[in-house]
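Spelled out from the first residue to the last, the chains are:
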Amino acid sequence: MVPLVAVGSAPLDLAALTTAVLTGSVPADAAAAQGTGDGAIASFAGLVRDHNLGRRVRFLEYEAYEPLAIRAMERIVEEARAAWPSARIGLHHRTGRLEIGEASIIIVAASAHRGDAFAACRYAIERVKQIVPIWKREHFEGGDVWLEGAVADPDDTAARQKAYKIACA
Amino acid sequence: MRVTVRFFARLRDLAGTGELVRDVAGPATVQTVWTSLVSEMPSLGEYEKAMSVAVNAEYARMAAPLREGDEVAFLPPVSGG
């Protein structure tokens, strides 16, 4: 059975994650368990791009603190459920070496209506970038560099609010 | 007491290892371990104001107390997605 939250080196499978979210290992209600209450699926895939900040990217290397990454992603699932009770999400993040064009992350949100599905999906990727302990090392033509974004702090309510605002924009 | 220290991403590069074991005099906090590591490896110091820490794979604060056998992780700003 495909888990709703996962971190690993295997290529990501959007169709399998979509099925997992629709069939729901933790259904919000009986209708959702049968898949009949869902009216919308929104999905997001993050891809390895061939350029960044003027550099020609060769490939990316992702590293995770896996047990904490899983917990942080489960936290995001719970936050999304609290904000959009009709929505359920699943997210998988890949680690290791990824070539140009490959997916590093996939997110699927299912809901009764499209608004909540889009919002929950967007919220999830914004929160991943804030609190999930995963790092990418960019290998470009001429060198390599660890990219660094947000200082992860799940209790930072301002960051959480920012993700929520972006999701609802 | 003995604790396991984990480093990730650029902190791992700076430390030259992803994992090491340290004996610290109790009672110790995450800060105690960090201060000792920075005196040993000064280049780590640049992350003092821009990192997260975890104890036993749960986010924690620098003031968090440590117990024998704990795993302390030092995490640079994240860049997943």
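Our structure's up above, just so we're on the same page.
So, here is what we can say about the structure in this document. Please read all numbers here as calculations on a predicted model, not as lab measurements.

**What to know about the sheet that holds strand β5 (residues 71-75) of chain B**
Residues and elements named next belong to chain B. One open sheet accounts for five strands, arranged β2-β1-β5-β3-β4; its pairing is mixed. Since the sheet does not close on itself, it has two edges, and those belong to β2 (19-23) and β4 (58-60), each with one partner. Taking the axes of each pair of neighbouring strands and ignoring which way they run, one obtains an average angle of 30 degrees across the sheet. Most of the contacts of helix α2 (residues 30-40) go to β5, to which it runs at about 60 degrees, and overall it touches β1 (2-7), β2, β3 (52-55) and β5.

**Thoughts on the sheet that holds strand β2 (residues 40-47) of chain A**
Residues and elements named next belong to chain A. As summarised here, the arrangement of the four strands in space is β1-β5-β7-β2, forming an open sheet in which the pairing is mixed. Only two strands of the sheet have a single partner each, and these edge strands are β1 (5-8) and β2. Neighbour-to-neighbour, the strand axes of this sheet turn through a mean angle of 5 degrees, independent of strand direction. Across eight bridges, the pairing between β2 and strand β7 (residues 103-111) is antiparallel. Bridge pairing links F44 to I107 in β7. Strands β1 and β5 (88-94) of the sheet are contacted by helix α3 (residues 66-83), whose axis makes an angle of about 150 degrees with β1. Sitting on the sheet, helix α4 (residues 114-131) touches β2, β5 and β7, and the angle it makes with β7 is about 145 degrees.

**Concerning the pairing of β1 of chain B**
Pairing analysis gives five bridges linking β1 of chain B to β2 of chain B, with the strands arranged antiparallel. Bridging from a neighbouring strand, R6 of chain B pairs with E19 of chain B of β2 of chain B.

**Some points on the interface of chain B and chain A**
Contacts between the two partners involve 26 residues from chain B, matched on the other side by 31 residues from chain A. Surface buried jointly by chain B and chain A totals about 2,300 Å² across both partners, of which 53% is contributed by carbon and sulfur atoms. Summed over the shared surface of chain B and chain A, the number is five salt bridges. Of the charged contacts, one joins D13 of chain B and R137 of chain A as a salt bridge, the two residues approaching to 3.3 Å between their closest N and O atoms. Counting the contacts that link chain B with chain A gives 24 residue pairs in polar contact (both at pLDDT 80 or more). For the side of chain B that touches chain A, the elements supplying multiple residues, two or more each, are β1, α1 (9-15), β3, β4 and β5 of chain B. The biggest single contributor to the side of chain B that touches chain A is α1 of chain B, with four residues.

How each quantity is defined
- Residues numbered from 1 in each chain as written.
- Chains lettered and ligands numbered in written order.
- Predicted model: local features only at pLDDT ≥ 70, side-chain atom pairs only at ≥ 80, totals over all residues.
- Heavy atoms only, no water.
- Pairing = 2+ DSSP bridges.
- Helix = DSSP H or I, 4+ residues; strand = E, 2+ residues; numbered from the N terminus.
- Axes fitted to C-alpha atoms, helices over the stretch in contact; angles between N-to-C directions.
- Contact = heavy atoms within 4.5 Å.
- Buried area = accessible area lost by both parts, 1.4 Å probe.
- Salt bridge = Lys/Arg side-chain N within 4 Å of Asp/Glu carboxyl O.
- Polar contact = N/O pair within 3.5 Å; in protein donor to acceptor, adjacent residues only side chain to side chain.

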